[in-house]
Amino acid sequence: MPDFLLEIGTEEIPARMIAAAQDELRRRVGELLARERLSPRGKVSELDTPRRLAILASGIPSAQPDVTEQLTGPSVNVAYKDGQPTPAAQAFAKKAGVDVSELERVTTAKGEYLSAKVTKKGRGAAEILVESLPKEISSIYWPKNMYWRKTSERFVRPVRWLVAMLDDQIVPLEFDGIRAGNESRGHRILAKADVQIPRAGADYVEALRSAKVLGRAEREHQIRKALDAAARTIPGARWREDNALLDTVVNLTEWPSAILGSFDPEFLELPEEVLVTVMRDHQKYFALEGPDGKLLPHFLAVLNTDGDPQGLIRHGNERVLRARFNDARFFWQTDQKHPLRDRLSWLRNVTFQKDLGSYYEKTMRVQRLCSWACETIKQGGLTVRPGVVHKAACLAKTDLTTELVKEFTELQGIVGGLYARVQVLDKVMPDATRQLIAQTIYDQYKPESAEDSSPSTIEGAVLSVGDKADTIAGMFALGLQPTGSKDPFALRRQANGIVKTIAEHKLPLSISQLFAVARNTYRGCAAEKKFKDSESSESVRAFFRERLEFYLRDQLGYRYDVVNAVLAVDCDDVVDAIARAEAVKSVLELPEFLAVAAASKRIRNILKQAAEKKFTVAPGFRDLPESSHEEKLLAAYVERNSARIEQFRQAKDYSGALHLLATAREPVDAFFDKVMVMVENELVRANRLAILQRLSKEFSTIADFSEIVTEGATKP
């Protein structure tokens, strides 16, 4: 069984697009092979660099296996007339590729029909790949595409070469006007000659390595080693770990090395955030820090070559960085001429969103929303400083008018916080208050991802939640909610940030109330006239249920059935949902609880059946002459414990409530063993349904236990 190699050689692919494209190519090739009955015996590996995407499938069949099919044709009555085959029989025989005399007769439920056993010979792997692979390559999703030679075939960059091989045989497929061969290309500078690939498999990897091209894992390992070695030349220094930047430089190189550069220590007077952003986002440099964690006047640059023996590349990088730092220092000094408090009115000329008005209008809305949130949080027993939040909300977006943010947009919010630390916000304001306001502004966009931390203060948490809620409320009202994989305004990320911030700071905020107030802040403004969804609350509720489900399952690691059970009861209070999920998790292994959960499913089904048949349910249990001992015991149990369960629930002691509910196992088991609910006697049936309805209500105050998977549990 031959190995299959596909390599697509291109001009340099943008680093941010490589990983997703490589994953999609591997998936598409894997699905194609499986669909065509050519699944590899071994693993499917990959190799990607800025100039190539490659897939190596180990041990695929050289041809499809033959397939034998039993074809059914026309009925015998139609196929023969006076003992002679009709045109229908002749047509079926031709379709099956056999002589009419070879047709068989089979008896089915509909009568006697003609049948033929046909062996379909498998096609060769090369033939299938030549036919199908160009379509799969052209279908890869890219944020941006180029049409080069053929308008029907698109790719992110011009394709310069193709390698397609089954062992040592070339698969002559064609894409973008390029015909596949067995010649690849090595490093653009270090290996100018074409690379002959003798055979698909390990020979391919070795051939590229000899031409100064490494796979992704090897490049990352080599970069880490080079960074470590360069950093060790400065006593006590270490390079700052930055996984996102490391991924980027891995995707920018084929044969990496690293060099150490330096900059004037006077630039260390600028805030560290500014220096690191310039190095990281604009130059792709790694920062160095000392044993105390403070920035050192050095940087590390990753090169796509084997070194810089004469220091020319280092000198060029130092010169470019010096110019960028000089720009940053100039912008910093220029911005101080107009403090943040004077810039608020400038926000009238900065558009937030074309239909939602300016950033000044957004600032006013966020202030009102945060005022409500502060009051709600105080009523919930937490300490927050509304004045700090109000002032921070007022100044939060003013850094959008600064020259530093215009040049380095990645620093929005951060620059506002840095400027607030060094500027006079109010002559009589205590320095501690000013620093808290600065930190609140600094944290306003946190968390920016699932891995990012939440705001460090409760005031920052309030501003972060308020800012994001205002955006989501406005976008949903305009009908711009995310659809499928499209989310141009990053509303999912912002909603994830709200959920995470509320959860980690334990903010007593109701999602529905938060967005009702956020929507109300738009009332009377010009934007409201453009709203398409005047009642977007249900859409927002469903959207946040999905985000909370994601947080509970993917971030906190709760079982899917636990998450479903908890959110079926309530998904409006994030903190409460987490507490209930933790309580359910704590009793999952108790046999008594699993038995009660199984009983809950049965109760739910009985009540559903009763509702479908429109059976009457009594308003409450009555001791009837026909009442059995077991139903009286269950009714007494419910009556005796319902108040205690409610006390636990009100105190948010959900674990205590669930442990108490688990004691229902014995009376519930006895009830279902001895009592028939759906009896003919309407009065008795209604009375028994009343017990189950009351019990179902008690079961459902914390979670819908019918959602819990109870395989292996003791059945009631």
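Note that the coordinates shown come from a computational prediction; the quantities given were computed from them, not determined experimentally. (Residues numbered from 1 in each chain as written. Predicted model: local features only at pLDDT ≥ 70, side-chain atom pairs only at ≥ 80, totals over all residues. Heavy atoms only, no water.)

1. Here's the deal with the pairing of strand 8 (residues 111-120)
Piece 1. Here strand 4 (residues 67-75) pairs with strand 8 via seven bridges, running antiparallel. Counterpart to Gln70 in the pairing with strand 8 is Lys117.
Piece 2. As paired elements, strand 7 (residues 104-108) and strand 8 share five bridges and run antiparallel to each other. Paired with Val106 across the two strands is Tyr113, which belongs to strand 8.
Piece 3. Between strand 7 and strand 8, which pair antiparallel in sequence order, lie two residues. (Pairing = 2+ DSSP bridges. Helix = DSSP H or I, 4+ residues; strand = E, 2+ residues; numbered from the N terminus.)

2. A short note on the confidence of the model for the protein chain
Piece 1. When the pLDDT values of the protein chain are averaged, the result is 91; 98% of them are 70 or greater.
Piece 2. The low-confidence segment residues 712-716, where pLDDT is below 50, has twelve contacts with residues more than four positions distant or belonging to other chains. (pLDDT = per-residue confidence, 0-100. Contact = heavy atoms within 4.5 Å.)

3. Looking at helix 8 (residues 272-283)
Piece 1. End to end, helix 8 covers 16 Å across twelve residues, agreeing with the expected 16 Å (1.5 Å per residue, within 8%).
Piece 2. Here the buried face of helix 8 lies against strand 19 (285-289), strand 20 (295-303), helix 9 (312-335), helix 13 (403-407) and helix 14 (414-422).
Piece 3. One or two positions beyond helix 8, positive phi appears at Lys284, with a value near 60°. (Expected span 1.5 Å × (residues − 1).)

4. Some details on the sheet that holds strand 18 (residues 257-262)
Piece 1. In space, the four strands of this open sheet follow the order 17-19-20-18, with antiparallel pairing throughout. If you trace the sheet from one side to the other, it starts and ends with strand 17 (238-239) and strand 18, each paired once.
Piece 2. Sitting on the sheet, helix 9 touches strand 18, strand 19 and strand 20, and the angle it makes with strand 18 is about 50°. (Axes fitted to C-alpha atoms, helices over the stretch in contact; angles between N-to-C directions.)

5. Some words on the nonpolar core
Piece 1. Core analysis: the biggest nonpolar cluster contains 141 residues, and Ile498, Phe515 and Phe544 have the highest contact counts within it.
Piece 2. The element contributing the most residues to this core is helix 16 (residues 458-477), with eleven residues.
Piece 3. For Ile498, the residues in contact, after removing those within four places along its chain, are Val465, Lys468, Ala469, Ile472, Ile511, Leu514, Phe515 and Phe544.
Piece 4. In this structure, Ile8, Leu53, Ile60 and Leu129 belong to the second largest nonpolar core, which totals 34 residues. (Core = buried A, V, L, I, M, F, W, Y, C linked by side-chain atoms within 4.5 Å. Buried < 20%, exposed > 50% of the residue type's maximum accessible area, 1.4 Å probe, protein only.)

6. Re helix 3 (residues 87-96)
Piece 1. Those residues of helix 3 that sit buried are Ala89, Phe92, Ala93 and Ala96. Down the axis, helix 3 shows its buried residues gathered within 100° of arc, on one side only. Across from the buried face of helix 3, at angles greater than 90 degrees, the exposed residues are Pro87, Lys94 and Lys95.
Piece 2. On its buried face, helix 3 sits against strand 4, helix 2 (76-79), strand 6 (84-85) and strand 8.
Piece 3. Trailing helix 3 by a residue or two, Gly97 shows a phi angle of about 75°, which is positive. (Arc of directions from axis to C-beta.)

7. A word on the packing of aromatic side chains
Piece 1. Inspection of the entire model under this criterion finds 15 aromatic pairs.
Piece 2. With a centroid separation of 5.1 Å and an interplanar angle of 80°, the aromatic rings of Phe263 and Phe325 are classed as edge-to-face. With Phe263 in the loop between strand 18 and helix 8 and Phe325 in helix 9, this residue pair connects regions lying 62 residues apart in the sequence.
Piece 3. For Phe325, a relative accessible area of 0% translates into the label buried.
Piece 4. Consider the rings of Trp332 and Tyr419, whose centres lie 4.8 Å apart with planes at 75°: the pair is edge-to-face. Note that Trp332 is positioned in helix 9 and Tyr419 in helix 14, a separation of 87 residues in sequence. (Phe/Tyr/Trp six-rings, centres within 6.5 Å; stacked < 30°, edge-to-face > 60°.)

8. Some remarks on the pairing of strand 3 (residues 52-57)
Piece 1. Among the six residues in strand 3, six count as buried, and that is most of the element.
Piece 2. Going residue by residue along strand 3, you find Arg52, Ala54 and Leu56 tucked away on one face and Leu53, Ile55 and Ala57 tucked away on the opposite face as well.
Piece 3. Pairing analysis gives six bridges linking strand 2 (residues 44-49) to strand 3, with the strands arranged antiparallel. Bridge pairing in strand 3 links Glu46 to Ile55.

9. Here we look at the state of the cysteines
Piece 1. Counted according to the given criterion, the structure contains zero disulfides.
Piece 2. Unpaired in this structure, Cys374 has its nearest cysteine sulfur neighbour in Cys370, at a distance of 6.4 Å. (Disulfide = S-S within 2.5 Å.)

10. Points about the sheet that holds strand 12 (residues 169-170)
Piece 1. Here five strands make up an open sheet; going across it, the order is 2-3-1-11-12 and the pairing antiparallel. Whereas interior strands pair on both sides, the edge strands pair on one side only; in this sheet they are strand 2 and strand 12.
Piece 2. Taken strand by strand, helix 1 (residues 15-35) contacts strand 1 (4-10), strand 2 and strand 3, and its axis lies near 35° from that of strand 3.
Piece 3. Packing of helix 4 (residues 125-138) onto the sheet brings it into contact with strand 1 and strand 11 (159-166), and relative to strand 1 it is tilted by some 35°.

11. What to know about the pattern of salt bridges
Piece 1. Evaluated as defined, the whole model comprises 57 salt bridges.
Piece 2. Residues Glu549 and Arg553 are paired through a salt bridge, measuring 3.0 Å at the closest nitrogen-oxygen approach. Taken together, the residues Glu549 and Arg553, both in helix 19 (residues 537-555) and four residues apart, mark about one turn of the helix.
Piece 3. Residue class for Arg553 comes out partly exposed when judged on its relative accessible area of 33%.
Piece 4. Put simply, Asp576 and Arg580 hold a salt bridge, and the shortest N to O gap is 2.9 Å. With a gap of four residues between them, Asp576 and Arg580 both fall in helix 21 (residues 574-587), about one helical turn apart. Arg580 carries the same exposure label as Asp576, and that label is buried.
Piece 5. Taken together, the shared-partner salt bridges connect Glu24, Arg27, Arg28, Glu31, Arg35 and Glu136 into one network. (Salt bridge = Lys/Arg side-chain N within 4 Å of Asp/Glu carboxyl O.)

12. Digging into the environment of Thr253
Piece 1. As for its placement among the helices and strands, Thr253 is situated in the loop between helix 7 (243-250) and strand 18.
Piece 2. Once the C-alpha coordinates of Thr253 and Arg219 are considered, the two residues, 34 residues apart in sequence, prove to be 7.7 Å apart.
Piece 3. With residues near it in sequence (within four places) discarded, Thr253 still touches Pro50, Arg219, Ile223, Val302, Leu303 and Asn304.
Piece 4. A polar contact of 3.0 Å, which involves the side chain of Thr253, links it to the backbone oxygen of Val249. (Polar contact = N/O pair within 3.5 Å; in protein donor to acceptor, adjacent residues only side chain to side chain.)

13. Comments concerning the packing of helix 23 (residues 629-650) against helix 26 (residues 682-699)
Piece 1. Relative orientation of the contacting elements helix 23 and helix 26 amounts to 30°, with a least axis distance of 10 Å. One way to sum up the angle between helix 23 and helix 26 is to call them roughly parallel. For the pair helix 23 and helix 26, the sense of crossing is left-handed. Residue-level contacts link Glu631, Leu634, Ala635, Val638, Glu639, Ser642 and Ile645 of helix 23 to Asn687, Arg688, Ile691, Arg694, Leu695 and Glu698 of helix 26.
Piece 2. Tallied by class, residues from the contact of helix 23 with helix 26 come to six nonpolar, two polar and five charged. (Parallel < 35°, antiparallel > 145°, perpendicular 65-115°, else oblique. Left-handed = near helix turned anticlockwise from the far one by under 90°. Nonpolar A, V, L, I, M, F, W, Y, C, P; charged D, E, K, R; others polar.)

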